[in-house]
Amino acid sequence: MAAEIHPRPQTRKPVLLSKIEGFQDVVNTAVIIPKEDGVISVSQDRTIRVWLKRDSGQYWPSVYHTMPVACSCMSFNPETRRISLGLENGTVSEFVLSEDYNQMTPARTYQAHQGGVTVVLFVLEMEWVLSTGQDKSFTWHCSESGQQLGTYQTTAWVSGLQFDVETRHAFVGDHSGQVTILKLEQDNCSLVTTFKGHTGNVTALCWDPVQRVLFSGSSDHSIIMWDIGGRKGTAFELQGHNDKVQGLCYASHTRQLISCGSDGGIVIWSMDVTRQEHHCRKCGQAVCGKCSSKRSTIPLMGFEFEVRVCDSCHDSITDEERAPTATFHDSKHSIIHMQYEPTRGWLLTSGTDKIIKLWDMTPVVS
């Protein structure tokens, strides 16, 4: 007689779908091709590859192209199938993929920077190519004419870039930990404001145009949510990584933030809770180790790890206030890049192990 099986409740976690291997060097950036079983990757080994899933279930390159120098960053527009590549010699090279993703045709080259390109972003609505470089400059070009429209000199090497089409605001994060907001016009720009909350360099930016909220990640292991739309200077700190934050994506339909770090962690943050602004980390009173040895998590203030609190606050924090507002998952590789594809709920991570992993995030982003 067969024994009755009582299945254990399964912990909701990302499901690893596929691994893409075979790189000679680390993959600096990669994207999932929407509505296709495909991935585009650019690597430190100077290659750009288009991977399509075969009947065997494995991903094989349908395009394998070697650039003259290493590719540092990429922007892909699915509507036009246009790839904008940032190179370490300061140029931005554009290619157009064929409809079957088996051929790549050169389109245009921009002499954008004096140093390596750090971020590139193609904005279809404006027909602009935005880029930042190690030469501490932010530039934008017309993608139709190839002409440089404007440039802005930053205080430090730029490592994060986002753009809001509606307001034409560019959000620029740099190695000093500062975020600069610029208002772009066709041939000039104006400084809107700057703000700084990180003690390390900004490593990732994510803009949500619906809630009008900007998220910044840093080498100081923290994430800050900046309420741009509220115009009150409100900022909330999120502490959930043990190493550099390497990527941020916001799932607006579920109001969840996905963050990845060098610690290999994939963290899913619920942003559909009322968070508190930020020494006792709860009441704001300065508390040293001699004054209090008490520590506690305070998730509503962004502290998913235990932090020092004063004795009275420690005793007053309820179990409800200690309830986690984030879930933590191990990717089992040190992540250097991530990308979320919302239509299928897939996440791509690339790591220092030279491997790309594809994850189904629907069990946790819902």
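Residues numbered from 1 in each chain as written. Predicted model: local features only at pLDDT ≥ 70, side-chain atom pairs only at ≥ 80, totals over all residues. Heavy atoms only, no water.

What counts is decided by this rule: UniProt positions are given in the numbering used here, feature names are shortened, and annotations may be inferred rather than shown by experiment.
Going by an unreviewed UniProt entry, the protein carries the name WD repeat and FYVE domain containing 2 and comes from Cyprinus carpio carpio. According to the UniProt record, the Subcellular location (unreviewed entry) comment for the protein reads "Early endosome".

### So, the overall build of the protein
For clarity, the threshold we go by: By definition, any uninterrupted DSSP run of H or I lasting at least four residues is a helix, any uninterrupted run of E lasting at least two residues is a strand, and each is numbered from the N terminus. For every residue, the accessible area (1.4 Å probe, protein chains only) is compared with the maximum for its type, and the residue is labelled buried under 20%, exposed over 50%, or partly exposed between those bounds. Accessible areas in this description were obtained via Shrake-Rupley with a 1.4 Å probe; residue shielding takes into account the shown protein chains only.
Along the protein, the regular secondary structure elements total two helices and 30 strands. Put simply, the protein has 366 residues, and 54% of those count as buried. Surface accessibility of the protein: about 17,000 Å² in total, with carbon and sulfur atoms responsible for 47%.

### Concerning the sheet that holds strand β16 (residues 178–184)
Condition: Should DSSP find at least two bridges between two strands, the strands are taken to pair. Lines fitted to C-alpha atoms define the axes here, with helix axes fitted over just the stretch in contact, and angles between the N-to-C directions of these axes take values from 0 to 180 degrees.
In spatial order, the strands read β14-β15-β16-β17; together these four strands make up an open sheet with antiparallel pairing. Each edge of the open sheet carries a strand with a single partner, namely β14 (158–164) and β17 (189–196). Looking at each pair of strands side by side, their axes are set apart by 20° on average, direction ignored. Relative to β17, β16 runs antiparallel, the two sharing seven bridges. Its bridge partner lying in β17, L182 is registered against L191.

### Some details on the UniProt feature "repeat: WD" (unreviewed entry) in the protein
Residues annotated in UniProt with the feature "repeat: WD" (unreviewed entry) correspond here to residues 20–51, 195–228, 238–279 and 328–361. For the annotated span residues 195–228, helix accounts for 0% and strand for 62% of the residues, and the straight-line distance between the end C-alpha atoms is 11 Å. Regarding residues 328–361, the helix share stands at 0% and the strand share at 62%, and the terminal C-alpha atoms are separated by 13 Å.

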